[in-house]
Each structure stands twice: as C-alpha cells, then as structure tokens.
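Fold and contact review
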Amino acid sequence: VLLPIATHFERHDVALPWYKGHYYIHRPKVIEPMGESKTDLQVYTELCYRLEALDPALKGLGKRYNPKAERNYFDNPDAVDEAYLVDWWKKVQDHQGVKMGWEEFKRRGVYKFTFDKPHVAFREQIEKGEPFETPSGKIEIFSTTLARSPTGPRPSTATRFRRSRSGSSLSSGWVTSAKVKQHPFHLITPHPRWRTHSIFHNIPWLRETYQQEVTINASDAGRLGIATGDIVEVWNERGKVVVPAYVTERCMPGVLVIYEGSWMDLDKHGRRSLGQPGLPDQGRAQPRRRLRLQHDPGQHPQEHAGASPRLGQPGDGALLHLPPGFLIMTKKLDMKQVKVALTRKVAQTYEPVKPKQQLGFIHHNVDCIGCRACEIACKDKNGLPPGRASAA
Amino acid sequence: MYVEGGHYPDVFAYKVNMSCNHCAEPACLPTCPTGAIWKREADGIVDIDSTLCIGCRRCEAACPYGAPQWNPKEQIVQKCNMCVDEIDAGRKPYCVMACMMRVLDIGPIEALWNASTRRRRWAPTTSRCAR
C-alpha cells in the first residue's frame, strides 16, 4: 500500500536547521495537502483507530498514540497540531530559557539563540585539552576501534590513498591505483547548493541559478585544449556524462567536480547528458547573435512571429530583403510624448540632474553566498521568464 | 556577477551584485533617440520609459556595466529602476527584500559612503531585531 504523505509545506511544524544550529524555525502550513495526501501523524493516528477496531486487545490505541486528537483528526488536524506545538514551545521556554512567546515566535518565524561568547565546536578539547571519546583520545582518521573489531580492520584511508613524495597534486601520484594511467582524473561529486540531492532539479527558477557542469583546473584544461563552455564527455568504465566544462583555478589539479543529483537523461549512445534541457548550454556554446532582430526560437518559444502585436509578420521582412524568420518592429509612438521626452533628454544631457537625494545599492560581497535570490526576485517582479537572459 | 582570480592554490572569488549604478552622469541617457531614459530629480534613479523605447539598443552598447538588457520578447531594452513603485510606496526593492544573507541594501549614497547606514541586517533575535 502506498499512502500519499503531505510535504512540510502542507503541515504545521517547527524545525531546527540542518544540522543543528542556534535557532528554531517556524514552519507554518502554507497550503492544504494536495490531493488525498495526509501528514504522517494523521495516517498513523487513523491506522491506530482502525487497528483498534480489529483487535480488542488494542482497545484505546488511537487515543494512546495521539492523546490530543479525536477520530476527526484525519480530516482536520490544525487545532491538535497547534496544541502540540504550544506544549513543545512551553518546554523550550522552560528548559532553554527562552522568553519569547509562542505567538511572537510564529509571527517572527525564527527564534535565534544569543550567546555571551561565540560558539566553538570542541571548545573543551581545544582549550582545556580534554580527550575525545576515542581510544586514543584524539580525532582518529585510522579507527583503532574498527581495527580491533572481530571482523578485522577495514582498509584505512591511509592505505588506499598515499600522498606522493613529489608533490601534493593528485595527478602526480596521490592515488596509487594502477587505473590512474587510464583515468588521470579524480572525480568528486559534492552535494549541490541548488537542489536537495535530486529534488527540485526540475524547477525552472532554480535551474536558472546554476549550470550543471564539470569543473576542471585551468592547467589541466589548457593541456587538453578545453575552454569554459566547451561540451566535454567525462567517462570511466561505469558510464559517461556529457556536460559543459567550467575552467577555473579554484579546482585542484587532477580533480574534476560534477555535482550529484541531476536527473538521468540518456542519449542514444547511452551517455548521460546532465545539463538537459539546456544542453548544449545555449548561453555559452552558441555564438553571439549578430543581428538584433534575429528570431531565437530556442530561448523564447512563445515569441514566434505574430505572438505580440508589436511585432510585424515575417513577410514584412521581404521589403528589407531579410530572410524568413526575421522580425521587424512596428511600434507606434506618440510623437508628442517623444518631443517632451527628447527635450528632457537634451536638458539632462547638458546639465546632469542633481537629485535631491541619490539612492544607491550597497552589497557586502564578503557575506554574499551567490544564491542569486536577488536576480530571481527581480525577474519575478518584472514578469520575466526563468532561464538565461537572451544570448544576444 | 561572479569574480575569481589567482592561481591554484592561491585563489580568490567573490560575487558582485551590480544591477544598475544609477550614475550621476548616465552614459545610457544621451544615447536614447526617443528620450525614453531619464534620471529622477527626487532620488536620482535612472529609469527607462518602456512606452517610448523602440529597442534600438544604443543604451545597451553605451553602458560600461551592462545594466540595460535586451528583452527579445518585448523587443525593448529594460534595466533596473530600483523598483521605483516600491520606493514610492516606502518599501525597498525586490532584490533587497529577497536577500537571505541580508548583504544587499539601498540607501542615500552619502550614507553608504560614510558607512553610517546599517551595514547588515540580522535575522530577528531576542536582543537585536530588524524591524
């Protein structure tokens, strides 16, 4: 039996940020659960009531499992969920010295703990020299516990990877496997910032904030003749991926980076083209458009001729000997307005405006994480579609 | 805009949010053949009147910062106007409101220069709270 479970957008809850953290987050129910989905607690509560009906030994199971709920919890959990959270918040207030009330916490959305001094992980070990809870009392990269276990020691990192005497570069022999001759690159696949593993890969607004690409060090790329934006194939005997390259000095020589979790898209050769549907990356791989009126079906399918009343029909181009598919603009302007505007322009050109107050942007780029939420918000406000800006 | 440099292992990287600088003497303004671009007297914001833009893209070529951008669907050039409607309503632009790290803000330019503006906004706490 597969039961549809509500997402955290569809239930009222609180959370600690992953992993731990010094604040609580309020997670209100944003929408009612979609379709027939219910929260875990609703499902388990209902299951308890139904089991109770089947077996006299289980009498009162529903109420024991979910004491605050009646049977109608399955249809409307809101009041009960709120009651549990209020109780929980009371515990937080008592145990953790929180003075903020539940209603205030809900209103603010976040409760952040303040400390007298900055939190330092392993402060006791660092400052007082207290031992860690390991046999040696130190942070163990080679686990002495595992080494003494009945199943025998597991191969340690130290035996699988050995730093070469000659240098720190992986390509100069850190990895001692014989396969290194055929496979000179070490591929790492970190968690992406732009999705949760594979979840949200298909969200256009998130897809616009990154490029699924392979990161390669500039000296490696130079040796192979690869430039940023080139479509490259990365392979070993397990499979292949086809992705645009991103050439940078910020990647260690001999290491490639491809973020995990993008959706499978096999081409006819059995290669995974991770970057779909932007493959090849149109923003980078296509040459710059030379003519501003050229129709670009790839970027804006909805912009076909005639879609906008401001655009002429393709046939109009014949007068100017333009090939089919070219558009001409036929915007009608109010010449009175233009005259006023031109007067203003001439005045502002010869005598720059001295505004009463000049507003400006300030951006503290030290703390900027490059999430591009500002760009998405701008596009959202101005009704611009997700996707890269025109490749013009 | 993402900036990086140096050579491995001595590298650096940072991001710059530069939508439009709303210049004192905008390079885009004199290039507009219809006078669609103007600078507001009240707050110095440089805006384009979309109803007058004919999409000639001269401003796009003139701006050294790439602020005016071509909209192929509308066949006009658009640029950041610091969300003038939000400003006029006493609020801040969408980009500022969306910034989850609270690193982006607007303010009078003198205040930004002498750093008298609030440098950074914090998530609400018991002790300090951004209203």
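Positions within a chain are numbered from 1, following the residues in the order the chain's sequence is written. Written order determines the labels here, with chains lettered from A and ligands numbered from 1. Note on the predicted model: pLDDT of at least 70 is required for a residue's local features to be given, and 80 or more for side-chain atom pairs to be given and counted; whole-chain, interface and lining totals, by contrast, use all residues. Side-chain descriptors were evaluated using all non-hydrogen atoms of the structure, hydrogens and water having been removed beforehand.

1. What about the overall build of chain B?
Short version of the rule: Numbering goes from the N terminus for both helices and strands, where a helix is a DSSP run of H or I of at least four residues and a strand is a run of E of at least two. Burial status follows relative accessibility: with a 1.4 Å probe on protein chains alone, a residue under 20% of its type maximum counts as buried, one over 50% as exposed, and anything between as partly exposed. In what follows, a contact means two residues having at least one pair of non-hydrogen atoms within 4.5 Å. Exposure was quantified through the Shrake-Rupley algorithm and a 1.4 Å probe, taking into account, for residues, occlusion by the shown protein chains and nothing else.
In terms of regular secondary structure, chain B is built from four helices and seven strands. Split into buried and exposed, the 131 residues of chain B put 44% on the buried side. If you take every contact in chain B between residues at least 6 apart in sequence, the share linking residues at least 24 apart comes to 31%. By element, 53% of the accessible surface of chain B is carried by carbon and sulfur atoms, the whole surface being about 6,700 Å².

2. Digging into the interface of chain B and chain A
Cut-off, in case you're wondering: As used here, buried area is the combined drop in accessible area, with a 1.4 Å probe, of two parts when they are placed together. We count a salt bridge whenever a side-chain nitrogen from Lys or Arg sits within 4 Å of a carboxyl oxygen from Asp or Glu. Contacts described as polar in this section are N or O atom pairs within 3.5 Å, which, within protein, must combine one atom able to donate a hydrogen with one able to accept it, while residues neighboring in sequence count only if both atoms come from side chains. Three classes are used: nonpolar for Ala, Val, Leu, Ile, Met, Phe, Trp, Tyr, Cys and Pro, charged for Asp, Glu, Lys and Arg, and polar for all others, with Gly counted as polar. Here, any two strands with at least 2 DSSP bridges between them count as paired.
The interface of chain B with chain A comprises 80 residues on the first partner and 60 residues on the second. Summing both partners gives a buried area of about 6,400 Å² for chain B against chain A, and 59% of it is carried by carbon and sulfur. Among the residues chain B hides against chain A, the three largest losses belong to Y8, K15 and V103 of chain B. Together they make up 11% of the total. Applying the counting rule to chain B against chain A returns one salt bridge. Between K381 of chain A and D85 of chain B there is a salt bridge, with its nearest N and O atoms 2.9 Å apart. For the pair chain B and chain A, the number of links is 23 residue pairs in polar contact (both at pLDDT 80 or more). Along the lines of polarity and charge, the residues of the side of chain B that touches chain A split into 45 nonpolar, 19 polar and 16 charged. The sheet contact formed by strand 10 (residues 359-363) of chain A and strand 7 (residues 104-108) of chain B spans five bridges and is antiparallel. Residue H363 of chain A lies in a different strand from strand 7 of chain B, and its bridge partner there is L104 of chain B.

3. Some words on the environment of L256 of chain A
Residue and element names in this part refer to chain A. Along the polypeptide, L256 turns up in strand 8 (residues 255-257). The exposure class of L256 is buried, given its relative accessible area of 8%. Residues L256 and I188 lie 68 residues apart in sequence; the distance between their C-alpha atoms is 6.2 Å.

4. Notes on helix 1 (residues 40-54) of chain A
Our working rule: Here the expected span of a helix is defined as 1.5 Å times the quantity of residues minus one.
If you check helix 1 of chain A, its first and last C-alpha atoms are 21 Å apart, about what 15 residues at 1.5 Å a residue would give, namely 21 Å. Of the residues making up helix 1 of chain A, those classed as buried are Q42, V43, T45, E46, C48 and Y49 of chain A.

5. Some words on the packing of aromatic side chains
Keep this limit in mind: Under the pairing criterion, centres of Phe, Tyr and Trp rings, with the six-membered ring standing for Trp, must be within 6.5 Å; the plane angle then separates stacked pairs below 30 degrees from edge-to-face pairs above 60, leaving the rest tilted. By the criterion adopted, a ring carries a charge over it if an Arg CZ or a Lys NZ lies within 6 Å of its centre and within 35 degrees of its normal.
This structure, assessed with the given rule, holds 14 aromatic pairs over all chains. Here Y24 of chain A and W89 of chain A contribute two aromatic rings whose centre-to-centre distance is 6.2 Å and whose plane-to-plane angle is 75 degrees, an arrangement assigned as edge-to-face. Here Y24 of chain A, found in strand 2 (residues 23-27), pairs with W89 of chain A, found in helix 3 (residues 78-96); they are 65 residues apart in sequence, far enough to count as distant. A single burial state applies to Y24 of chain A and to W89 of chain A, both of which are buried. Relative to Y65 of chain A, the ring of Y44 of chain A has its centre 6.5 Å away and its plane inclined at 70 degrees; by these criteria the two rings are edge-to-face. Placement of Y44 of chain A in helix 1 and of Y65 of chain A in helix 2 (residues 61-65) is noted, with a sequence separation of 21 residues between them. Assessed through its relative accessible area of 45%, Y44 of chain A is described here as partly exposed. Taking relative accessible area as the criterion, Y65 of chain A reaches 37% and is therefore assigned partly exposed. Taken together, Y24, W88, W89, W102, F105, Y111 and F113 of chain A form an aromatic cluster joined through their ring pairs. Lying over the aromatic face of Y94 of chain B, K381 of chain A brings its terminal NZ or CZ to 5.6 Å of the ring centre.

6. Things to note about the pattern of salt bridges
Applying the stated criterion to the full structure yields 20 salt bridges over all chains. When the shortest N-O distance is used, the salt bridge between K29 of chain A and E32 of chain A registers 3.2 Å. The partly exposed category is assigned to K29 of chain A, whose relative accessible area is 23%. Here D88 of chain B ties to R40 of chain B by a salt bridge, and the two come within 3.0 Å at their closest N and O atoms. Taken together, the residues D88 of chain B in helix 2 (residues 84-88) and R40 of chain B in the loop between strand 3 (37-39) and strand 4 (46-48) connect sequence positions 48 residues apart. Using a relative accessible area of 55% as the deciding quantity, one classes D88 of chain B as exposed. Through salt bridges with shared partners, a single ionic network connects K29, E32 and D78 of chain A.

7. Digging into empty space enclosed by the protein
Residue and element names in this part refer to chain B. The following threshold applies: With a 1 Å grid laid over protein atoms only, a set of points is called a cavity when a 1.4 Å probe fits there but cannot get out and a pocket when it is open yet has protein on both sides within 12 Å along at least five of seven lines; lining residues have an atom within 4 Å of a point. Grid points are joined across faces, edges and corners, and a volume is the space filled by probe spheres set on the points.
What the rule picks out here adds up to one cavity of 30 Å³ or more. Within this model, the largest cavity holds a volume of roughly 90 Å³. Forming the walls of the largest cavity are 15 residues, and the residues nearest its centre are C32, P33, C53, C56 and C59. Taken together, the residues that form the lining of the largest cavity break down as 10 nonpolar, three polar and two charged.

8. A few points about the pairing of strand 6 (residues 231-236) of chain A
Residue and element names in this part refer to chain A. Two elements, strand 6 and strand 7 (residues 239-248), share six bridges in a ladder whose sense is antiparallel. Considered in strand 7, the bridge of I231 is made with P244. Connecting strand 6 to the antiparallel partner strand 7 that follows it, the hairpin turn spans two residues.

9. Some words on the nonpolar core
For the record, the criterion: Nonpolar core, defined: a set of buried Ala, Val, Leu, Ile, Met, Phe, Trp, Tyr and Cys residues in which side-chain atoms within 4.5 Å join the residues together.
One finds F361 of chain A together with M82 of chain B to be the most contacted residues of the largest nonpolar core, which totals 18 residues. Of all the secondary-structure elements, those providing two or more residues to this core are strand 10 of chain A together with helix 2, helix 3 (94-98) and strand 7 of chain B. Those residues in contact with F361 of chain A, other than ones at most four positions away along the chain, are S19, C20, H22, C80, M82, P93, C95, V96, D105, I106 and L112 of chain B. Listed in part, the 15 residues of the second largest apolar core include C32, A36, V46 and C53 of chain B.

10. Details of the confidence of the model for chain A
Residue and element names in this part refer to chain A. Where we set the bar: What pLDDT expresses is the predictor's confidence in each residue, scored from 0 to 100.
On average, residues of chain A score 78 in pLDDT, and 75% of them are at 70 or above. Across chain A, the secondary-structure element scoring lowest on mean pLDDT is helix 10 (residues 282-285), at 34, and the one scoring highest is helix 1, at 96. This model gives residues 156-174 a pLDDT under 50, and the stretch forms 31 contacts once residues within four places in sequence are excluded. Note that residues 275-320 has pLDDT below 50 and, in this model, 88 contacts with residues that lie over four places away or in other chains.

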